[in-house]
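Single-letter residue listing:
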Amino acid sequence: MRLTKPTLFTNLPVTCEDRDLPGDLFGRLMKEDPSTIKGAETLMLGEMLTLPQNFGNIFLGETFSSYISVHNDSSQVVKDILVKADLQTSSQRLNLSASNSAVAELKPECCIDDVIHHEVKEIGTHILVCAVSYTTQYGEKLYFRKFFKFQVLKPLDVKTKFYNAESDLSSVTDEVFLEAQIQNITTSPMFMEKVSLEPSMMYNVTELNVVSSPEHGESTFGKMSYLQPMDTRQYLYCLKPKPEYAEKAGVIKGVTVIGKLDIVWKTNLGERGRLQTSQLQRMAPGYGDIRLSMETIPDTVNLEEPFDIVCKITNCSERTMDLVLDMCNTRSVHWCGVSGRQLGKLSPGSFLSLLLTLLPSVQGLQSISGLRLTDTFLKRTYEYDDVAQVCVVCPYTSNEC
């Protein structure tokens, strides 16, 4: 017999108006009914609990519990009784018996009881195999088995999306944003106790599902974290490389394993379930042989006034490069300095920072383009356009501009 939590008893209240033929008969009957709530007899939900009337549904991540009882219906004493309970899944056979030692004897009308527990980790068909062997008083060894078949269903539908964000001015490598969509595909509501991301060894994770306040953080889903049947909820996480891996551009570029989601929920009367996804993987961003990023750049600059930026050039290839920098002017932004300058050799995984000066000639939001890096070893040129944007404003009055 499966052990599961009871459910709250529900009744069907029948009411009528006082001028109707039954009068207050229905009202008096509901008040006398012991299953109704005193003072709220018209509510369908009662105060009593109902034992499960059928096997019910078992979902992945829940704990399957079963009560096993072996009863001696005969008038004879049997000896050396061994009860064994195995759970057969599509991929393995598990021994769930608490003890593998035999019971010395079992008298008539007596029984051997056992309770087994198993956290369900596979979906599909499961078969509980209960085998009993014993010896009669005449020394005859007998054996029988019983099979109990049930299905394990999927409780949640989890979908993930990855977004590779370009590095900001304070970080060296890209951040990774994970969006997890979790849908309740059961027929009953769930209380989402915990949804967390366990990152891989190279990343630190920041949960973005809490609204910060001066006193304390509040969940974006409110105080009562319920998920109704077929409802979907989105969770967002930000992963940043750990400092010891941040400078290793080649290593981070090849990382595809991000981590795994740990989901804990509760259903009717606190029945708990837990689900862990497999290791989540993403498509690693391709930077090519050379990566150019901005370390320092102003948000707003004045028209026809020079401003400085700091570029970072990282060798993401596995070979040494000898680089030459060319700067091509655009219609709105002009480079100041010598084009065709030698940057020298750059070994694999290393980087260098460059201070460059520009002169804006057109107002508005302008893109910084026209950088060209040439590897003299392979005679290969890498073009970088629209690497950043600045807002060009006029420092004078509108008539003077």
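Only a predicted model underlies this, so the values are computations on that prediction, with no experimental measurement involved. (Residues numbered from 1 in each chain as written. Predicted model: local features only at pLDDT ≥ 70, side-chain atom pairs only at ≥ 80, totals over all residues. Heavy atoms only, no water.)

(A) Molecular detail of the overall build of the protein chain. Per the secondary structure count, the protein chain includes three helices and 33 strands. Per-residue burial over the protein chain gives 37% buried out of 401 residues. The contacts in the protein chain between residues at least 6 apart in sequence include a share of 69% that link residues at least 24 apart. When the accessible area of the protein chain is evaluated, it comes to approximately 23,300 Å², of which 53% is carbon and sulfur surface. (Helix = DSSP H or I, 4+ residues; strand = E, 2+ residues; numbered from the N terminus. Buried < 20%, exposed > 50% of the residue type's maximum accessible area, 1.4 Å probe, protein only. Contact = heavy atoms within 4.5 Å. Areas by Shrake-Rupley, 256 points an atom, 1.4 Å probe, with all protein chains shown as cover.)

(B) Quick look at the sheet that holds strand 12 (residues 156–165). Strands sit in the order 12-13-19-15 across an open sheet of four strands; the sheet is antiparallel. Looking at which strands have only one partner, the edges of the open sheet turn out to be strand 12 and strand 15 (203–207). Strand-to-strand twist in this sheet, taken as the mean axis angle between neighbours without regard to direction, amounts to 25°. When strand 15 meets strand 19 (residues 232–241), the two strands line up antiparallel, connected through five bridges. Bridging across to strand 19, Y203 finds its partner in P241. (Pairing = 2+ DSSP bridges. Axes fitted to C-alpha atoms, helices over the stretch in contact; angles between N-to-C directions.)

(C) Representation of the environment of G337 within the structure. Note on placement: G337 falls in the loop between strand 27 (333–336) and strand 28 (341–346). Considering only alpha carbons, one finds G337 and L358, 21 residues apart in sequence, at a separation of 8.7 Å.

(D) Looking closely at the sheet that holds strand 5 (residues 63–71). The strand order across the open sheet formed by three strands is 1-5-9, and the pairing between neighbours is antiparallel. Of all the strands in the sheet, the pair left with one neighbour each is strand 1 (2–3) and strand 9 (111–119). Here strand 1 pairs with strand 5 via two bridges, running antiparallel. Its bridge partner being in strand 5, R2 is matched across the sheet by S66.

(E) Region of interest: unusual backbone geometry. Even without glycine at this site, D80 takes up a positive phi of about 50°. Along the polypeptide, D80 turns up in strand 6 (residues 78–88). One non-glycine residue, M230, lies in the positive phi region at around 70°. On the secondary structure map, M230 appears in the loop between strand 18 (226–227) and strand 19.

(F) Examining the side chain of D262 more closely. Looking at the secondary structure, you find D262 in strand 20 (residues 257–266). For D262, a relative accessible area of 0% corresponds to the buried category. A distance of 3.0 Å separates a polar atom in the side chain of D262 from a polar atom in the side chain of R274. Apart from the residues lying within four places of it in its own chain, the contact partners of D262 are K194, V195, S196, E198, R274, L275 and Q276. (Polar contact = N/O pair within 3.5 Å; in protein donor to acceptor, adjacent residues only side chain to side chain.)

(G) A nonpolar patch on the surface, seen in detail. A cluster of nonpolar side chains, contributed by L8, L49 and L269, occupies part of the molecular surface with about 270 Å² of accessible area. Along the chain, the position of L269 falls in the loop between strand 20 and strand 21 (272–276). For L269, a relative accessible area of 43% puts it in the partly exposed group. (Patch = residues over 30% accessible without salt bridge, like charges linked within 9 Å, V, L, I, M, F, W, Y side chains within 5 Å. Salt bridge = Lys/Arg side-chain N within 4 Å of Asp/Glu carboxyl O.)

(H) Here's a closer look at the confidence of the model for the protein chain. Taken as a whole, the protein chain shows an average pLDDT of 83; of its residues, 88% reach a score of 70 or greater. Element-level pLDDT for the protein chain is lowest in helix 3 (residues 249–253), with a mean of 56, against a maximum mean of 93 in strand 24 (residues 300–302). Here residues 168–172 is modelled with pLDDT under 50, and outside its nearest four sequence neighbours on either side it reaches eleven contacts, counting other chains as well. (pLDDT = per-residue confidence, 0-100.)

(I) Looking closely at the nonpolar core. Ranked by size, the top nonpolar core spans 42 residues in total, and within it L128 and M192 carry the most contacts. Counting residues per element, this core draws most heavily on strand 6, which supplies five residues. Grouped together as the second largest cluster of nonpolar side chains are 30 residues, L292, F307, L373 and A388 included. (Core = buried A, V, L, I, M, F, W, Y, C linked by side-chain atoms within 4.5 Å.)

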